[in-house]
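If you want the building blocks of each chain, they are given just below.
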Amino acid sequence: MKKRINSSFPSFCILVLMTVLLFLGERIMAQEVGQNIGNSKFLLISGEKVLQVNKIEKDGIIHHLNKPMLRLFRTRSKISNGTVLVVPGGDFSSIHTKQEGIEVARFLTKKAYDVVVLDYYIGTESNIQNLAENDVLSTYQYLKNNFEKLGFSNSPNVLLGFSAGANLAAKAVGRLNKGEQPEKIILISPINMDECMTGTVYPTIMPPTNPESELFLLVNENDQVENKTRCIDYYKTWIGYDGHAVLKVVKDSIYLAGKNINPTAEEFQLKHFILNSLKTGKILKTDVNPATIPTEGYNKGRLAEKLKLIAHNKYDLILMGNSIINNFEKTQYQEVWNQFFAPRNAVNLGFSGYRTENILWNIQKGILNGQSPKAIILEVGTNNVDEKHYPTRHTASQVAGGIEAIVKEIRTRLPETKIVLLRPFPGSYDGPNPTSHRAILDRSADLISKLSDRKHVFYCDVNHLFLNLDGSIKHELMSDWLHPTPLGAKLWAQSMEPLLSQLMNDKVLDTEINSNTAIVPVSKLEQDSYNWWDRHNDVLAIKDSINPEIVLIGNSITHFWGGKPDLKYADGRARKSNGSISWNNLFSKYRVLNLGFGWDRTQNVLWRLDHGELDGLHPRTVIIHIGTNNTSQTPNARANTAEEIVEGIVAVYSRVRSKVPGAKIILMSVFPREEKPDHPRRQLINKINIKLEQFALKNNIKLVDIGPRLVTQEGILTKEIAGDYCHPTEKGYQIWADTIKSILEKE
């Protein structure tokens, strides 16, 4: 109980006492921080008061967690230098809260920083890391929206993580879009950075595609080789994505408490690293892009030879680029050249080892003078990010800028010529698996894909040809992991042939058209209640602005569920979706793009993927449901066998995996169709699904089958679930939504 102040106490003493108390109240370290939070130093992630604080054991570690919560510390300084969200380390089943949380907070509050320490989910459950990652993301977003309410400084806002906490911090930042990221992210000895997405060789943890944060990464020299290598590659990718990053490799593990292998070397002290990271200002980048400055290449003799050739001959087709193009002059590639290019009066202007700036030099020196080809095939970029043979490595935007400069030069000099702009190939000098080299090229591909106007510039992506389903390079198609073999070059030419023959306005030169129609890309086949071409153009118009977190790919079953693009009849009138309630309940908190097209078969989806619908996007999840229309026989397309349909579905999966390597792909079994289980079509679908299950099991792919939930115990598909025995009703869609929801919540 508070004592009353004696009324006879001199008034000036009361005034002095109140002043002192107010002064001390501002100076007390780690006091209550929020103006509207009451007297609690602890909050739930939602902002509510904590009723039971997580217990820190005598070893300074939390071994059992009640609920994720925030520990709030306010600097004793009147002016805060910023707010730091600290994510302590551990092993995902415990948290080193004292040493890597509270001790860090005490240290930083003395340096005039406000601090929040996060207790995140720990345990042994299979999805515990996903829960913990969501804790970090939710906490960061809560703080970002409540700085003023908490009485914290909002600039700079910093995310600092140790070991497992650094792993979680990196994952969380990777999910943040432009404008949402912290000003700085400090990662101290992150663990498990070498983990890959299930069934792939693609890293689980990648930088955001537009890194605005400054990254400060500390790596231990004595760490496991795979983890250390991946940490360094993460740093290189961050820079390659046009971000600012600092890497520090130290000789041994170091801790805030001062347990330092080499305490005399101040630069190895953790406190020193953290403070330097907090104080380092952002480096202003130059506006000059070196990849756009014409620079003479090393092969002057070849340039002179090609200039002479160009001066005396006119060509209808020109191939420009680096050694990948240059290789067509080698004996072992002549069969491919003679089949696909020589009949079109083509010339090879590929230069081994050349970068964008060297190609620009060649153009300015007249290598296109006097020419008016129907088409130019442009392949360039990989040498710009080669760090083994060049003193400088260009970033993704610099590579894209260099390619754009080449395209502009061609368009200016040859305004009637069509340009086939190839996505940079997926190889590198580092082996079959993706490294920063491929990641930077993939990011540059996102940017150059937007150069396509589908009138004069045509983006062409054949990278799926060279990749296994897990993302590794096919050795038989790239024996040195960089250059296509003769077989790889042939497959590339065959894949490019439909577009090239269209632009050259001549006949298709590929004599080996696959008999399986399910894997041969084709545009609209069937008439339907909507305009297929309008929907395709609508997708291209809105996809970048949506920047979807989730993409659905399929036929009318997906199309009629809802979402964007808006559903329309052929005459443009709005159409009501069949599953709006379940759609809104499931997807309302996500940015979603619906690539479902009524009557589409696998071959139609392949065409749409080859024509830009997924290019440049970075969804976290892609849901594929396709194949049912391949069971139909019409005047426009024959029915396919179960084996052919599965091959078509696999081709769709392969395209998606190549285009969005960071996405989790949910592959759906084909939904049951027709009322009774003995119907021939239903039996065909059952065969398809059995083969799909075998494929998914073999390749460790996520396959989801909701068929048993859509039919009765006797296998009857009722009108209550699918009114026409094909397309789900609201109730049918709700079954699909419930299944997808449970999967998304585990991510």
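Since the model is a prediction, treat every value here as computed from it, not as a measurement.

Engineer: Got a minute to help me understand the overall build of the chain in this structure?
Structural biologist: When helices and strands are tallied, the chain shows 21 helices and 18 strands. Whereas a compact globule of 747 residues would reach a radius of gyration of roughly 27 Å, the chain reaches 30 Å, a difference of no more than 12%. Over its C-alpha atoms, taken along the principal directions, the chain stretches across nearly 105 × 75 × 45 Å. Look at the contacts in the chain between residues 6 or more apart in sequence, and 78% of them connect residues 24 or more apart. Approximately 32600 Å² of the chain is accessible, and the part contributed by carbon and sulfur atoms is 51%.

Engineer: What is the right way to read empty space enclosed by the protein from this model?
Structural biologist: Gaps left between atoms show up when a probe the size of a water molecule is rolled over them. This structure, assessed with the given rule, holds seven cavities of 30 Å³ or more. Each pocket or cavity is described by its volume, and for the largest cavity that value is around 80 Å³. The wall of the largest cavity is formed by Arg 423, Asp 442, Ala 445, Asp 446, Ser 449, Tyr 459, Asp 461, Leu 614, Asp 615, Gly 616 and Lys 659. Class assignment for the residues of the lining of the largest cavity results in three nonpolar, two polar and six charged. The calculated volume of the second largest cavity comes to roughly 60 Å³. Lining the second largest cavity are Lys 524, Leu 525, Glu 526, Asp 528, Tyr 530, Trp 532, Gly 598, Trp 599, Asp 600 and Asn 604.

Engineer: Whenever I open this one, the sheet that holds strand S15 (residues 592-596) confuses me. Can you help?
Structural biologist: Sheets are built from strands paired through backbone hydrogen bonds, the pairs being either parallel or antiparallel. Spatially, the five strands line up as an open sheet ordered S15-S14-S16-S17-S18, and their pairing is parallel. The open sheet has two edge strands with one neighbour each: S15 and strand S18 (703-704). Looking at chain direction, strand S16 (residues 621-625) and strand S17 (residues 664-668) are connected through four bridges and run parallel. Within S17, the position partnered with Val 622 by the bridge is Ile 665.

Engineer: Can you help me understand unusual backbone geometry in this one?
Structural biologist: The peptide bond linking Ser 155 to Pro 156 adopts the cis configuration, its omega dihedral lying at -10°. The residue after Lys 564, namely Pro 565, is reached through a cis peptide bond having omega 0°. Mapped onto the elements, Pro 565 comes out in the loop between helix H15 (556-559) and helix H16 (580-587). The phi dihedral of Asn 547 falls on the positive side, at around 45°, and the residue is not glycine. One can find Asn 547 in the loop between helix H14 (532-546) and strand S14 (550-554). If you check the backbone angles, Asn 700 has positive phi at about 55° while not being a glycine. Along the chain, Asn 700 turns up in the loop between helix H19 (680-699) and S18. Overall, Asn 700 belongs to the partly exposed group, its relative accessible area being 46%.

Engineer: Explanation requested: the confidence of the model for the chain in the structure shown.
Structural biologist: Predicted coordinates in areas of low pLDDT are best not read in detail. Within the chain, residue pLDDT values average 91, and 92% of them lie at 70 or more. Across residues 1-40 the pLDDT falls below 50, and counting only partners more than four positions away or on other chains, this stretch makes 45 contacts in the model.

Engineer: Whenever I open this one, the packing of aromatic side chains confuses me. Can you help?
Structural biologist: Given two aromatic rings, one states the distance between the centres and the angle between the planes to describe the pair. All chains considered together, the criterion is met by 22 aromatic pairs. Among the aromatic side chains, those forming a connected cluster through ring pairs are Phe 328, Tyr 333, Trp 337, Phe 341, Phe 425, Phe 466 and Trp 492. Across from the ring centre of Phe 597, 3.8 Å away, lies the NZ or CZ of Arg 608, which sits over that ring.

Engineer: Mind showing me how you'd approach the packing of H16 against helix H21 (residues 730-746) here?
Structural biologist: In helix packing, the relevant descriptors are the interaxial angle and the interaxial distance, both defined with respect to the helix axes. It is the contact of H16 with H21, at a shortest axis distance of 8 Å, that shows an interaxial angle of 10°. One element, H16, and the other, H21, form an angle in the roughly parallel class. Residues Ser 580, Ile 581, Ser 582, Asn 585 and Leu 586 of H16 touch H21, and the partners they reach there are Glu 730, Tyr 733, Gln 734, Ala 737, Ile 740, Lys 741 and Leu 744.

Engineer: I would appreciate a short explanation of the packing of helix H17 (residues 602-610) against helix H18 (residues 642-659) in the present structure.
Structural biologist: Following both chains from N to C, one finds H17 and H18 inclined at 20°, their axes separated by 9 Å at the closest point. In terms of orientation, H17 and H18 fall into the roughly parallel class. The crossing of H17 and H18 is left-handed. Contacts between H17 and H18 pair Thr 602, Val 605, Leu 606, Leu 609 and Asp 610 from the former with Ile 645, Gly 648, Ile 649, Ala 651, Val 652, Arg 655, Val 656 and Lys 659 from the latter. Looking at the contact of H17 with H18, its residues break down into eight nonpolar, two polar and three charged.

Engineer: What's the story with the side chain of Lys 543 in this structure? I'm lost.
Structural biologist: Relative to the elements of secondary structure, Lys 543 occurs in helix H14. A polar side-chain atom of Lys 543 sits 2.6 Å from the main-chain carbonyl oxygen of Asp 615. Not counting the four nearest positions on each side in its chain, Lys 543 is found in contact with Pro 548, Leu 593, Gly 612, Glu 613, Asp 615 and Leu 617.

Engineer: It is not clear to me how the nonpolar core should be interpreted in this structure. Could you clarify?
Structural biologist: Nonpolar side chains in soluble globular proteins generally cluster together in the buried interior. By size, the foremost hydrophobic cluster in this structure holds 44 residues, and its most contacted members are Tyr 120, Leu 159, Ile 185, Leu 187, Leu 215, Leu 217 and Tyr 234. When residues of this core are traced back to their parent elements, those giving at least two are strand S2 (69-73), strand S3 (83-87), strand S4 (114-119), helix H3 (128-150), helix H4 (163-174), strand S6 (184-188), strand S7 (214-220) and helix H5 (225-240). Top element by residues in this core is H3. It accounts for eight residues. Here Leu 215 is in contact with Ile 185, Leu 187, Tyr 234, Tyr 235, Trp 238, His 244, Ala 245 and Val 246, once residues within four sequence places are set aside. In terms of nonpolar packing, the next biggest core, distinct from the first, is built from 40 residues, Leu 609, Val 622, Ile 649 and Val 670 among them.

Engineer: It is not clear to me how H4 should be interpreted in this structure. Could you clarify?
Structural biologist: Counting along an α-helix, one turn takes 3.6 residues, and residues three or four places apart therefore face a common direction. Taking 1.5 Å per residue as the helical rise, H4 with its 12 residues ought to reach 16 Å, and the 17 Å between its terminal C-alpha atoms agrees with that figure. The element H4 is extensively covered by neighbouring structure, given that 11 of its 12 residues are classed as buried. Along H4, the residues classified as buried are Ser 163, Ala 164, Gly 165, Ala 166, Asn 167, Leu 168, Ala 169, Ala 170, Lys 171, Ala 172 and Val 173. Check the buried side of H4 and you find it contacts S3, helix H2 (97-110), H3, strand S5 (157-162), S6 and H5.

Engineer: Explain the environment of Phe 597 to me, please; I cannot follow it from the model alone.
Structural biologist: Examined against the element boundaries, Phe 597 turns out to sit in the loop between S15 and H17. Separated by 204 residues in the primary sequence, Phe 597 and Arg 393 place their C-alpha atoms 42 Å from one another. Leaving out residues up to four positions away in the same chain, Phe 597 has contacts with Tyr 530, Trp 532, Arg 535, His 536, Val 539, Gly 554, Asn 555, Ser 556, His 559, Arg 608 and Glu 613.

Engineer: Help me understand the pattern of salt bridges, please; the structure alone is not making it clear to me.
Structural biologist: Pairing between side chains of opposite charge can happen when their charged atoms approach one another. A full pass over the atoms with the stated rule returns 38 salt bridges. Close ionic contact of Lys 228 with Glu 221 constitutes a salt bridge, the shortest N to O distance being 3.1 Å. You can call Lys 228 buried: its relative accessible area is 16%. Glu 329 is paired through a salt bridge with Arg 302; the nearest N and O atoms lie 3.0 Å apart. Pair noted here: Glu 329 is in the loop between helix H8 (323-326) and helix H9 (334-340) and Arg 302 is in helix H7 (residues 300-312), with a separation of 27 residues, a long-range link.

Engineer: How should the pairing of strand S10 (residues 346-350) be read in this particular structure?
Structural biologist: One face of the sheet, then the other: side chains in a regular strand alternate in exactly this way. With five of its five residues buried, S10 lies for the most part within the structure. Burial of S10 is two-sided: the residues Ala 346, Asn 348 and Gly 350 facing one way and the residues Val 347 and Leu 349 facing the other way are all buried. Both strand S9 (residues 317-321) and S10 contribute to a ladder of five bridges, which runs parallel. Each bridged residue has a counterpart across the sheet, and for Leu 319 the counterpart in S10 is Asn 348.

About the cut-offs
Every chain's residues receive numbers from 1 upward, in the order its sequence appears when written. Confidence filtering applies because this is a predicted model: local features only for residues at pLDDT of at least 70, side-chain atom pairs given and counted only at 80 or more, and all residues used for totals across whole chains, interfaces and linings. The side-chain figures draw on all heavy atoms in the structure; neither hydrogens nor water molecules are used. Secondary structure elements are defined from DSSP: runs of H or I of at least 4 residues count as helices, runs of E of at least 2 residues count as strands, and each element is numbered from the N terminus. C-alpha atoms define the radius of gyration, and 2.2 Å times the number of residues to the power 0.38 defines the globule rule. Whether two residues touch is decided by their heavy atoms; if any such pair falls within 4.5 Å, the residues are in contact. For accessible areas, the Shrake-Rupley method is used with a probe of radius 1.4 Å. Any residue's cover is judged against the shown protein chains and nothing else. Cavity means a closed set of points on a 1 Å grid over the protein atoms alone, one where a 1.4 Å probe fits but cannot get out, pocket means an open set with protein on both sides within 12 Å along at least 5 of 7 lines, and lining means a residue has an atom within 4 Å of a point. Grid points are joined across faces, edges and corners, and a volume is the space filled by probe spheres set on the points. Classes in brief: Ala, Val, Leu, Ile, Met, Phe, Trp, Tyr, Cys and Pro nonpolar; Asp, Glu, Lys and Arg charged; the others, Gly included, polar. Here, any two strands with at least 2 DSSP bridges between them count as paired. A simple rule labels every residue: compare its accessible area, found with a 1.4 Å probe on the protein chains alone, to the largest value its type can have, and call it buried under 20%, exposed over 50%, or partly exposed in between. Known as pLDDT, the predictor's per-residue confidence is scaled from 0 to 100. The rule is short: rings of Phe, Tyr and Trp, with Trp giving its six-membered ring, pair when the centres are within 6.5 Å, and they are stacked under 30 degrees, edge-to-face over 60, tilted in between. Note on geometry: a ring has a charge over it if NZ (lysine) or CZ (arginine) is within 6 Å of the ring centre and within 35 degrees of the ring normal. Every angle, taken between N-to-C directions, lies between 0 and 180 degrees, and every axis is a line fitted to C-alpha atoms, over only the stretch in contact when it is a helix. Angle categories are assigned with fixed cut-offs, so that under 35 degrees is roughly parallel, over 145 is roughly antiparallel, 65 to 115 is roughly perpendicular, and the rest are oblique. It is the rotation of the near helix from the far one that decides the hand of a crossing: anticlockwise by less than a right angle makes it left-handed, clockwise makes it right-handed. Two N or O atoms form a polar contact when they lie within 3.5 Å of each other; inside protein one atom must be a possible hydrogen donor and the other a possible acceptor, and for residues adjacent in sequence the pair counts only when both atoms belong to side chains. What is meant by a nonpolar core is a set of buried Ala, Val, Leu, Ile, Met, Phe, Trp, Tyr and Cys residues, joined one to another through side-chain atoms within 4.5 Å. Working rule for helices: expected span equals 1.5 Å times residues minus one. A carboxyl oxygen of Asp or Glu within 4 Å of a side-chain nitrogen of Lys or Arg is what we treat as a salt bridge.

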